[in-house]
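Geometric and topological summary
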Amino acid sequence: MNLIDRIEGIARALADREAAHVGSLTAARETAERIHARVEEAIHRFNDIVGEKAPHLRVEVRPPRVDDKHLHAVEFDLERGRHRAVVTVKSKGEITFVGPFRQGKKEGPCLTFPVDDEEEIDAALGVFLERFLEEAASP
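Computed from a prediction, not measured in an experiment: that's the story for all the values here. (Residues numbered from 1 in each chain as written. Predicted model: local features only at pLDDT ≥ 70, side-chain atom pairs only at ≥ 80, totals over all residues. Heavy atoms only, no water.)

Here's the deal with the overall build of the protein chain
Applicable threshold: Think of it this way: any DSSP run of H or I at least four residues long counts as a helix, any run of E at least two long counts as a strand, and we number them from the N terminus. Under the scheme applied here, a residue whose accessible area is under 20% of the maximum for its type counts as buried, over 50% as exposed, and between as partly exposed, the area being computed with a 1.4 Å probe on protein chains only. Contacts are assigned to residue pairs with any non-hydrogen atoms lying within 4.5 Å of each other.
Scanning the protein chain from N- to C-terminus turns up three helices and six strands. Secondary structure elements of the protein chain, listed N to C terminal, follow the sequence α-α-β-β-β-β-β-β-α. Its C-alpha atoms put the protein chain at 65 × 35 × 25 Å along the principal axes. Out of the 139 residues in the protein chain, the part that is buried amounts to 35%. A separation threshold of at least 6 residues defines the contact pool for the protein chain, and within that pool the share at least 24 residues apart is 39%.

Here it is in structure tokens:
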């Protein structure tokens, strides 16, 4: 069997296996994009306020992508220098806030919530962003 045939065979097998996850991954992406929009708006306001007096505090919000560790999840990052926080939306219906932490160090702490627990997510998201911003702005 030549290389192209082998790769086509594995592509078909993997696509067949993963096809069952498309619906839940689409829902996870939609949830991640909704939360990303809220976080991006909040961080945009933060950046506007610190921009003139302390531009070195500027935070980047990366776009949602397939999770680095979990194939059946979508994540996005907040970054300022080596400081990082991650929002992960898993296809099984959970949202996890990871960090804040420094890149190259152990990730954590993590908080996980059911996707449909909007009140708990809203409360935790505010605390999560505040912790990240405080830590990322610490010398």
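Additional details are given in the paragraphs that follow.
What to know about unusual backbone geometry
Residue Pro-100 is reached from Gly-99 by a cis peptide bond, and omega for that bond is 10 degrees. Inspection of the secondary structure assignment puts Pro-100 in strand β5 (residues 94-102).

Comments concerning the pattern of salt bridges
Quick note on the threshold: Any carboxyl oxygen of Asp or Glu that lies within 4 Å of a side-chain nitrogen of Lys or Arg is treated as forming a salt bridge with it.
Applying the stated criterion across every chain, the model contains 14 salt bridges. Glu-8 is paired through a salt bridge with Arg-12; the nearest N and O atoms lie 3.8 Å apart. Within this pair, Glu-8 and its partner Arg-12 are both found in helix α1 (residues 3-18), separated by four residues, close to a single helical turn. Overall, the relative accessible area of 36% leaves Glu-8 in the partly exposed class. Residue Asp-122 pairs with Arg-38 through a salt bridge whose shortest N-O separation is 2.8 Å. With Asp-122 in helix α3 (residues 118-136) and Arg-38 in helix α2 (residues 22-51), this residue pair connects regions lying 84 residues apart in the sequence. One network of salt bridges, in which partners are shared, links Arg-65, Asp-68, Glu-75, Asp-77 and Arg-84.

Examining the environment of Lys-90
Its place among the elements puts Lys-90 in strand β4 (residues 83-90). Distance from Lys-90 to Ile-43, taken between C-alpha atoms, is 23 Å for residues 47 residues apart in sequence.

Describing the nonpolar core
Going by this rule: In this description, a nonpolar core means a group of buried Ala, Val, Leu, Ile, Met, Phe, Trp, Tyr and Cys residues linked to one another through side-chain atoms lying within 4.5 Å.
Grouped together as the largest cluster of nonpolar side chains are 28 residues, with contacts concentrated most on Val-39, Leu-78, Phe-97 and Phe-128. Listed by contribution, the elements that provide at least two residues to this core are α2, β3 (73-80), β4, β5 and α3. The biggest single contributor to this core is α3, with eight residues. Not counting residues within four places of it along the chain, the set of residues in contact with Val-39 comprises Val-61, Phe-76, Leu-78, Leu-125 and Leu-129.

Examining the side chain of Glu-18
Let me state the cut-off plainly: The term polar contact refers here to a pair of N or O atoms within 3.5 Å; inside protein, the definition further demands a hydrogen-donor-capable atom paired with an acceptor-capable atom, and it admits residues adjacent in sequence only when both atoms are side-chain atoms.
As for its position among the elements, Glu-18 is in helix α1. Given a relative accessible area of 19%, Glu-18 falls into the buried group. For Glu-18, the side chain forms a polar contact with the side chain of Arg-17, separated by 2.9 Å. Of note is the side chain of Glu-18, whose polar atom sits 2.6 Å from the side chain of His-72. Leave out the neighbours within four places in its chain, and Glu-18 touches Leu-71 and His-72.

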